[in-house]
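Structure at a glance
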Amino acid sequence: MNNVRSRLRRWTVLAVVLAVVGLTVPDSATPRFDGSLVKVENARGLDTDPGVVWILALGSDARPGEPVLRSRADSIHLVGINPRTGHATIIGIPRDSYVDIPGYGRDKINAAMVYGGPQLEAAAVAGMMGITPDYVFTTSFWDFSRMVWSIGGVDVHSAHAFSEPLVTIREGVNHVNGVEALVFVRERYQLPNGDFDRSRNQGQFMVDGLRQVASVAAESGGLERALWTFAKHTDIDVGPVELYRLARAVLQVDPQLVDNCVIDGGTTFAGGASVVLPDLGQARAYAQDAGSDATLASGCS
Amino acid sequence: MLSAMTVTVRPLRVVVALLASAVIGATALVGCDDDTTTAPTPSPTSASDPTTVSGAPTLTMRPARLETRLVRLAGHLPRERRRSVVASIARPVRSWLRAGFVGGDYPRRDFPGAFADYTRDAARLASRQDEVTTNAALGADLVDVVPTRRTVRLSVFAPHGRAAGATADVTLVLLGIRADESEVELAVTGQLYLTRDGGWQVFGFDLARTLGAPGSYERRRR
């Protein structure tokens, strides 16, 4: 009797298991896979004139109450972008570079903005590099912070660790807000090569900032919204159509394809002040190399 | 050309201005859902309306209408002018869709006029990539096409009360019918960049094209 009950129980269990399996496992003869593999062909193009756009990016040293456009240029970068290829070259110019300033003789290059505003600064850079910028973009400390804030901060790559009161920068990736970004681009005393490393950090921030801007612009209407915010807080000499096309050109740059170099130089004294004698041969070589396509064939020398 | 783009300081107005921009952005977006949405506009197509698909007289398919919508207005544009501005911006997009894909007689290899509203340089770049920017890759094998989805979503940059630049997010899904009555689905998605320089023109594009079985685009979206 017990044997019969035991067999009955086993058959019952087996029947239940089979019923459950039959209901839950799909028919193996008709497997269903909901994924897909699709070949995507792409087409991209942008009408740009000129083919390589050169932008002089200046960070003004103006303190509160001082004129932004007539204060020293604390950071100076000549940026070439090639919207067709997505390449770009950032050439950092040491702010203490002792060069000819048209109409004012030899002086630190950052003094050109005090003498003649962004136009004279551009002329001094053109004389040093052999490239005349198509646009000059000038920002101040607080507007820089505000722009960083408006795009939600930036994940910046730092080659060095350093700390300031309330701000710590690790080696590697750091997410920085507007204030922290300002600390990152201004620090020089804790960097092995002082002002040269600072200029390199500023170029790196441009690369990482571009990545964040591209992320914002990728949202529907993101570019238009960002440009509108930018235009409201900026005095712009170019028309809105040209501004829109320039913004689209900048967004073609692939951050992976950017060379970020700083012009070398030795320090000496002139007029009682410490100055940098820039390696003009290197400066001209960078300009010649990147002039036509915004790429440095052999990278930063 | 040497221009100075400079940032000036308006510290006391910053927070207010940013809040204002957020509000303006939000109201523009809401607004576009009602009065600034253009009525769906039928476009001439090569497909008869309704179209008989696959030679099966019982199965008919209406070509999808072109839907144009303003989804983002960054700046100021008087409410009464929005509809006409949207129509002006959409015109070159519609012209490209018509001449490059939907209009004309099939089979064919050439798509003349597809880039008539592109800038000269953009037209040259687009012509070189016509397997994506037109239906050139499939055109010779098809006897007819039926658009099953056509949407254009516009984001407009309009400082100082005038529209200056726009991004058109485009989706075009076409059913292509071959001589042997088999069908293929073509989907073209991506963006056109436009500015108003005299009239509105396309100065850039970033497009993707996929092929699949009929209905595959909608299945991928689900």
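Every value quoted in this text rests on a predicted model; they were computed, and no experiment measured them. (Residues numbered from 1 in each chain as written. Chains lettered and ligands numbered in written order. Predicted model: local features only at pLDDT ≥ 70, side-chain atom pairs only at ≥ 80, totals over all residues. Heavy atoms only, no water.)

**Looking at the overall build of chain B**
When you go through chain B residue by residue, the secondary structure sums to five helices and eight strands. Going from the N terminus to the C terminus, chain B shows its helices and strands as β-α-β-β-β-α-α-α-β-β-β-β-α. By the burial criterion, 53% of the 222 residues in chain B qualify as buried. Considering only intrachain contacts with a sequence separation of at least 6, the fraction spanning at least 24 residues in chain B is 66%. (Helix = DSSP H or I, 4+ residues; strand = E, 2+ residues; numbered from the N terminus. Buried < 20%, exposed > 50% of the residue type's maximum accessible area, 1.4 Å probe, protein only. Contact = heavy atoms within 4.5 Å.)

**Points about a nonpolar patch on the surface**
Judged by side-chain polarity, A:Tyr104, A:Val114 and A:Tyr115 come together as a nonpolar surface patch covering roughly 260 Å² of accessible area. Take A:Val114: it is sitting in helix α2 (residues 112–129). (Patch = residues over 30% accessible without salt bridge, like charges linked within 9 Å, V, L, I, M, F, W, Y side chains within 5 Å. Areas by Shrake-Rupley, 256 points an atom, 1.4 Å probe, with all protein chains shown as cover. Salt bridge = Lys/Arg side-chain N within 4 Å of Asp/Glu carboxyl O.)

**As for the sheet that holds strand β8 (residues 199–212) of chain B**
Read across the open sheet, the six strands follow the order β1(A)-β8(B)-β7(B)-β6(B)-β5(B)-β4(B); overall the sheet is mixed. In the strand order of this sheet, the two ends are held by β1 (40–46) of chain A together with β4 (66–75) of chain B, each with one partner. Strand-to-strand twist across the sheet, computed as the mean angle between neighbouring axes with direction ignored, equals 15°. Seen against the sheet, helix α3 (residues 120–128) of chain B touches β1 of chain A together with β8 of chain B and runs at an angle of roughly 15° to β8(B). (Pairing = 2+ DSSP bridges. Axes fitted to C-alpha atoms, helices over the stretch in contact; angles between N-to-C directions.)

**Description of unusual backbone geometry**
A cis amide bond, omega 5°, links A:Asp49 with the succeeding residue A:Pro50. When you line up the elements, A:Pro50 lands in the loop between β1 and β2 (53–60). Residue B:Tyr106 is joined to B:Pro107 through a cis peptide bond whose omega torsion reads 0°. In this fold, B:Pro107 is placed in the loop between α2 (79–102) and α3. Residue A:Leu166 is not a glycine yet carries a positive backbone phi of 75°. Locating A:Leu166 in the fold gives a position in the loop between β9 (162–164) and β10 (167–169). A positive phi angle, close to 75°, is found at B:Glu181, a residue other than glycine. Summarising the element assignment, B:Glu181 is placed in the loop between β6 (165–178) and β7 (183–197).

**What to know about the packing of aromatic side chains**
Enumeration according to the criterion identifies 12 aromatic pairs over all chains in this entry. Note on A:Phe162 and A:Phe184: the rings are 6.4 Å apart at their centroids and 20° apart in plane angle, and the pair reads as stacked. Placement of the pair is A:Phe162 in strand β9 and A:Phe184 in helix α4 (residues 178–186), with a sequence separation of 22 residues. Since its relative accessible area comes to 4%, A:Phe162 is described here as buried. According to the relative accessible area criterion, A:Phe184 is buried, its value standing at 0%. Relative to B:Tyr118, the ring of B:Phe115 has its centre 5.0 Å away and its plane inclined at 65°; by these criteria the two rings are edge-to-face. No difference in accessibility class separates B:Phe115 from B:Tyr118, as the two residues are buried. Positioned above the aromatic ring of B:Tyr106 is the side chain of B:Arg108, whose terminal nitrogen or guanidinium carbon lies 4.9 Å from the ring centre. (Phe/Tyr/Trp six-rings, centres within 6.5 Å; stacked < 30°, edge-to-face > 60°. Lys NZ or Arg CZ within 6 Å of the ring centre and 35° of its normal.)

**With respect to the interface of chain A and chain B**
Each partner contributes to the interface: chain A provides 55 residues, whereas chain B provides 54 residues. Looking at the side of chain A facing chain B, the largest losses of area belong to A:Glu41, A:Ala43 and A:Trp228, adding up to 14% of the total buried there. Where chain A touches chain B, the interface holds three salt bridges. Put simply, B:Arg209 and A:Glu41 hold a salt bridge, and the shortest N to O gap is 2.8 Å. Scanning the region where chain A abuts chain B turns up 12 residue pairs in polar contact (both at pLDDT 80 or more). Counting only elements with at least two residues in the side of chain A that touches chain B, the list comes to β1, α2, β7 (135–139), α3 (141–150), α6 (222–232), β12 (234–236) and α7 (240–250) of chain A. Classifying every residue of the side of chain A that touches chain B gives 25 nonpolar, 14 polar and 16 charged. Pairing of β1(A) with β8(B), which is carried by seven bridges, proceeds in the antiparallel orientation. Counted as the bridge partner of A:Glu41 is B:Arg209 from β8(B). (Buried area = accessible area lost by both parts, 1.4 Å probe. Polar contact = N/O pair within 3.5 Å; in protein donor to acceptor, adjacent residues only side chain to side chain. Nonpolar A, V, L, I, M, F, W, Y, C, P; charged D, E, K, R; others polar.)

**Digging into α7(A)**
Counting buried positions along α7(A) gives eight out of 11 residues, so the element sits mostly inside the fold. Buried within α7(A) we find A:Val241, A:Leu243, A:Tyr244, A:Arg245, A:Leu246, A:Ala247, A:Arg248 and A:Ala249.

**What to know about the nonpolar core**
If you look at the biggest cluster of nonpolar residues, it comprises 47 residues, and the most contacted ones within it are B:Trp96, B:Tyr118, B:Val156 and B:Leu192. Elements supplying a minimum of two residues to this core: β4, α2, α3, β5 (142–158), β6, β7 and β8 of chain B. No other element matches the nine residues that α2(B) contributes to this core. Setting aside chain neighbours within four positions, we find B:Tyr118 in contact with B:Trp96, B:Ala123, B:Ala126, B:Leu192, B:Gln201, B:Val202 and B:Phe205. With 31 residues, the next largest nonpolar core counts A:Val53, A:Ile55, A:Val79 and A:Trp228 among its residues. (Core = buried A, V, L, I, M, F, W, Y, C linked by side-chain atoms within 4.5 Å.)

**Some points on the environment of A:Gly281**
Tracing the chain through its elements places A:Gly281 in helix α8 (residues 280–290). Spatially, the C-alpha atoms of A:Gly281 and A:Met128 are 9.8 Å apart, while their sequence positions differ by 153 residues.

**Quick look at the state of the cysteines**
Residues and elements named next belong to chain A. Going through the model one piece at a time under the given rule, you end up with one disulfide over all chains. What pairs with Cys261 in a disulfide is Cys300, and their sulfur atoms sit 1.9 Å apart. In this structure the cystine formed by Cys261 and Cys300 twists about its S-S bond by roughly -85°; its chirality is therefore left-handed. Linking Cys261 in strand β13 (residues 258–262) with Cys300 in the segment after α8, this pair joins segments that are 39 residues apart in sequence. Judged by relative accessible area, which is 1%, Cys261 ranks as buried. For Cys300, a relative accessible area of 39% gives the class partly exposed. (Disulfide = S-S within 2.5 Å.)

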